[in-house]
Every structure is written in structure tokens, then in C-alpha cells.
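Observations on the three-dimensional arrangement
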Amino acid sequence: MDKKTNIISIVLSIFIVIVAVMLSCVIRNNMKKKIMVKTSMLGSFEKETSKELKDIIYENQKLVVCIEVETSEGKFIGSGFLYNDKGDIVTNAHVVQENSSVKVKMSDTTTYSGVVIGKSNTTDVALIRVEKLKGKKPMRVDKSKKYEIGDEIIALGSPLGLQNSATTGIISGVDRDFNIENYQYKGMYQISAPISEGNSGGPL
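Just so it is clear, the model here is predicted, and its values are computed rather than measured.

Mean pLDDT over the protein chain stands at 80; residues scoring 70 or higher make up 75%. When the criterion is pLDDT under 50, residues 3–49 qualifies, and its contacts beyond four places in sequence or with other chains add up to 118 contacts.

Structure below.
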């Protein structure tokens, strides 16, 4: 991997732009804040009681996956999360690159073969289908709230291939727009949580 590619990967990880947090897991402004029952295009959210930070991490980590991609230049690592009950996993397009098949490793180290069924050439988002995960309850997501500077976040993923990693921070900037190669990023959140190459594709 050349210097330019390293820089691009680091910048992408810093902004961790997986679907602009539209498809992020339910992370509250205040980790002890109660959530009301709401409905969005993605379905209804169940009513919850207050939860500690460690409970939120525990519940969501098992639905975050490590994605392994083999290329002529070697093996690359990224992250993703189970989006629906069809076995579909959301990740970044730059993680899967031009590959049509990848390996998906669950939190318990079980590994499955996945097929890339969708990838944007302009928005850094891709969809991987793992047939053996069909019927499994997906991660709950929240696209109904606009987050603000200072709101607390958790980044889940596999930085440097270290699966089941979680880092915390805050929203440190909002409405960031930038382009990297062919990918366009609009209205992004900037975060302060420490992340590294391999976090790309993981949820906030």
C-alpha cells in the first residue's frame, strides 16, 4: 500500500463516513437518556430503559463485522454492520474496492463468504449479502435525529484488524463537505473518537 493510499485511508477513517450516521446504531446524546418509541422508514424502535455505555457496546458489538478483502496487493481489512434480516451488511465502498466477494467475520470469529450486491461509484457505500445471516436480527438504526457538536458517540469496528474494538468521543464538527478521489461526502459528521485504518465501514 503506497503513501497516497495510506493518507486516503486515514482521512476516510477520521471522518468514518458510513452513511453519514444516517445508518448509525442507536447512540444517544446522553448515554443514560431514555428513548421514546419512534417510527421511520427503517421501522419502529422499541421503547428502552436507560442503559450504561458498556451495555450499548455489548448489545451492538455482536452485529458489527470484520470484512476481509483479498487483492493482488494483499489482504485489506474493514468493518461493517448487519443492516436487515436479509443478511445484508453495510460498509464503505472503498473497503470492498472492485471485489465481488469478500469474507465476513462475526464477533465470535465465525467467518462467512459474502457477495457484494451493491456499490456506489460516487457515494462511499456498499452492500454485502451473506446468505447464512438471513433471518438474524439486525442492528437497530436511528436516522431521525440531527446530532450536534458535543453529542457523545461510540465508534465500533476493527481498527488495524483488532475486532470488537470500541472507542468513544464526541461530535466535533457538523456539515463537513469534501471529495476524495471519486467519492463525494456531503453533510458529514466529524468525530473525536480515536480510530484507525480498519474502522472504515463501522457504525457510530
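Attention now goes to the packing of aromatic side chains. If you walk through the whole model with that rule in mind, you get two aromatic pairs. With a centroid separation of 6.2 Å and 80 degrees between ring planes, the pair formed by Tyr-147 and Tyr-189 is classed as edge-to-face. Pair noted here: Tyr-147 is in the loop between β8 (126–129) and β9 (152–157) and Tyr-189 is in strand β11 (residues 183–191), with a separation of 42 residues, a long-range link. Each member of the pair Tyr-147 and Tyr-189 is classed as buried. Between Phe-178 and Tyr-185, the ring centres sit 4.7 Å apart and the planes meet at 15 degrees, which makes this aromatic pair stacked. According to the relative accessible area criterion, Phe-178 is buried, its value standing at 17%. With a relative accessible area of 2%, Tyr-185 lands in the buried category.

Turning our eyes to something else, we now look at the side chain of Thr-91. Relative to the assigned elements, Thr-91 resides in strand β5 (residues 88–91). Within the structure, Thr-91 has its side chain in polar contact with the backbone oxygen of Ser-79 (distance 2.6 Å).

The next point concerns the sheet that holds β11. Pairing within the open sheet is antiparallel, and its three strands lie in the order β9-β10-β11. At either margin of the open sheet sits one strand with a lone partner, and together these are β9 and β11. Mean inter-strand twist for the sheet, computed between neighbouring axes without regard to direction, equals 60 degrees. Pairing between β9 and strand β10 (residues 165–180): six bridges, direction antiparallel. Within β10, the residue paired with Gly-157 across the bridge is Ser-165.

Residues Ile-67, Ile-89, Val-102, Val-104 and Ile-128 are the most contacted members of the largest nonpolar core, which totals 31 residues. With four residues, strand β3 (residues 64–71) is the largest single contributor of residues to this core. Residues within four places of Ile-67 in sequence aside, it is in contact with Phe-76, Ile-77, Gly-78, Ser-79, Gly-80, Ile-89, Thr-91, Val-95, Val-102, Lys-103 and Ile-128. In this structure, Ile-171, Tyr-189, Ala-193 and Leu-204 belong to the second largest nonpolar core, which totals nine residues.

In spatial order, the strands read β3-β4-β5-β8-β7-β6; together these six strands close into a barrel with antiparallel pairing. The mean inter-strand angle of the sheet, taken between neighbouring strand axes irrespective of direction, is 40 degrees. Taken together, the eight bridges between β3 and strand β4 (residues 74–82) define a ladder with antiparallel strand orientation. Bridge pairing in β4 links Val-64 to Phe-81.

Take the pattern of salt bridges next. Two side chains of opposite charge can pair, provided their charged atoms sit close to one another. Enumeration according to the criterion identifies five salt bridges in this entry. Note that Asp-175 and Lys-146 form a salt bridge whose closest N and O atoms lie 3.6 Å from each other. Separated by 29 residues along the polypeptide, Asp-175 in strand β10 and Lys-146 in the loop between β8 and β9 bring together distant segments of the chain. Residue Lys-146 is classed as exposed on the basis of its relative accessible area of 55%.

Conventions we followed
- Residues numbered from 1 in each chain as written.
- Predicted model: local features only at pLDDT ≥ 70, side-chain atom pairs only at ≥ 80, totals over all residues.
- Heavy atoms only, no water.
- pLDDT = per-residue confidence, 0-100.
- Contact = heavy atoms within 4.5 Å.
- Phe/Tyr/Trp six-rings, centres within 6.5 Å; stacked < 30°, edge-to-face > 60°.
- Helix = DSSP H or I, 4+ residues; strand = E, 2+ residues; numbered from the N terminus.
- Buried < 20%, exposed > 50% of the residue type's maximum accessible area, 1.4 Å probe, protein only.
- Polar contact = N/O pair within 3.5 Å; in protein donor to acceptor, adjacent residues only side chain to side chain.
- Pairing = 2+ DSSP bridges.
- Axes fitted to C-alpha atoms, helices over the stretch in contact; angles between N-to-C directions.
- Core = buried A, V, L, I, M, F, W, Y, C linked by side-chain atoms within 4.5 Å.
- Salt bridge = Lys/Arg side-chain N within 4 Å of Asp/Glu carboxyl O.

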